[in-house]
Amino acid sequence: LFFGLYEPATSIFTRITPGYAPSQHMYKHDPKKAGQLLDQAGWKLGSNGMRAKGGQPLKLAFINISGFGFDGISQLLQAQFQAVGIETSISDQSFPAVATTYNNGAHNLADFFYYDVSPYFVRAIFGCDEIKTGFNWEHYCNPAVDSMVTQANAIVNNAKRYELYQKIGNTLMQAAVIIPIYDQRGVYVGPAGMKGIVFTANAIPLFHAVSV
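Residues numbered from 1 in each chain as written. Predicted model: local features only at pLDDT ≥ 70, side-chain atom pairs only at ≥ 80, totals over all residues. Heavy atoms only, no water.

K.L.:
What is the right way to read the overall build of the chain from this model?
P.N.:
Tallying secondary structure elements over the chain gives six helices and eight strands in all. Written out in order from the N terminus, the α and β elements of the chain read α-β-β-β-β-α-β-α-β-α-α-α-β-β. Projecting the C-alpha coordinates of the chain onto the three principal axes gives extents of approximately 65 × 45 × 35 Å. In the chain, which comprises 212 residues, the proportion classed as buried is 32%. Contacts spanning at least 24 positions in sequence make up 57% of the contacts within the chain whose residues lie at least 6 apart. Counting every atom, the chain has about 12900 Å² of accessible surface; 57% of that belongs to carbon and sulfur. Placing the 15 positive and 14 negative side-chain charges of the chain at their respective mean positions leaves the two points 7 Å apart. (Helix = DSSP H or I, 4+ residues; strand = E, 2+ residues; numbered from the N terminus. Buried < 20%, exposed > 50% of the residue type's maximum accessible area, 1.4 Å probe, protein only. Contact = heavy atoms within 4.5 Å. Areas by Shrake-Rupley, 256 points an atom, 1.4 Å probe, with all protein chains shown as cover. Lys, Arg positive; Asp, Glu negative; His and termini not counted. Charge placed at Lys NZ, Arg CZ, Asp CG, Glu CD.)

Rendered as structure tokens:
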């Protein structure tokens, strides 16, 4: 989708984020296994190639944030779901109004990104107290995760804090709370002799001291 410029994500954390661990890479693109799991859950393929259970079609409501670069991702996921017999309808809403829709839980699928320089971001996205009022648009609540985040943020020793965040990441990936798409990366083109460019924590370039 992005011509190889971005590396596929395997976790809720990027590979350079403290708390990332290779063990969080639990899933891969495997349509055959997806079909087997759906069959086991009772969602059987019909003559039209789509799945149903007890006469109920398997349909997902995918609410896309328009104008945020997610359109291609939404269409790609729609095609991959359809390939295993899951019908997905995409509707577009703009930000920030879409946040109200997500908080109300009108969706089965949503696309979004989140980055922060504070470890609080895990609580912001997955905390029980963030449902319907914050950024927990998955509506996922696990008090054990909340407790681990609070404990981790109180640890002064970085190595021990990162170890606990690895455990948090494993727990969230086991729950399949989100589908990681790609690790964020800033891609810029400039002359080979450019000097003095610096970047913010979220990869925004600053050109104040640039010379060529």
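K.L.:
Quick question: what am I supposed to make of the pattern of salt bridges here?
P.N.:
When their charged atoms lie close together, side chains carrying opposite charge are able to pair. Using the criterion set out here, one finds five salt bridges in the structure. R123 is the partner of D146 in a salt bridge, and the nearest nitrogen-oxygen pair spans 3.6 Å. Of this pair, D146 sits in helix 5 (residues 143-153) while R123 sits in helix 4 (residues 121-126), and the two are 23 residues apart along the sequence. Side by side, D146 and R123 carry an identical accessibility label, which is buried. Here the residues in one salt-bridge network are E7, R15 and D183, joined through shared partners. (Salt bridge = Lys/Arg side-chain N within 4 Å of Asp/Glu carboxyl O.)

K.L.:
It is not clear to me how the packing of helix 5 against helix 6 (residues 158-174) should be interpreted in this structure. Could you clarify?
P.N.:
Their axes nearest at 9 Å, the elements helix 5 and helix 6 cross at an angle of 165 degrees. Viewed along their axes, helix 5 and helix 6 adopt a mutual orientation that is roughly antiparallel. For the element pair helix 5 and helix 6, the recorded crossing hand is left-handed. Along its contact with helix 5, which presents V145, M148, V149, Q151, A152 and N153, the element helix 6 presents R161, L164, Y165, K167, I168, T171 and L172. (Axes fitted to C-alpha atoms, helices over the stretch in contact; angles between N-to-C directions. Parallel < 35°, antiparallel > 145°, perpendicular 65-115°, else oblique. Left-handed = near helix turned anticlockwise from the far one by under 90°.)

K.L.:
Looking at this structure, how should I read the side chain of E138?
P.N.:
Relative to the helices and strands, E138 resides in the loop between helix 4 and helix 5. R123 is the oppositely charged side chain nearest to the buried, salt-bridge-free E138, at an N-O distance of 12 Å. Leaving out residues up to four positions away in the same chain, E138 has contacts with F112, I125, F126, V177 and I178.

K.L.:
Which parts of the structure should I look at to understand unusual backbone geometry?
P.N.:
What is expected of a backbone is that most residues other than glycine have negative phi and most peptide bonds are trans. At the junction of F95 and P96, the peptide bond is cis and its omega measures out at 10 degrees in the coordinates. One can find P96 in the loop between strand 5 (87-93) and helix 3 (97-104). Residues other than glycine seldom take positive phi values, yet F3 does so here, at roughly 60 degrees.

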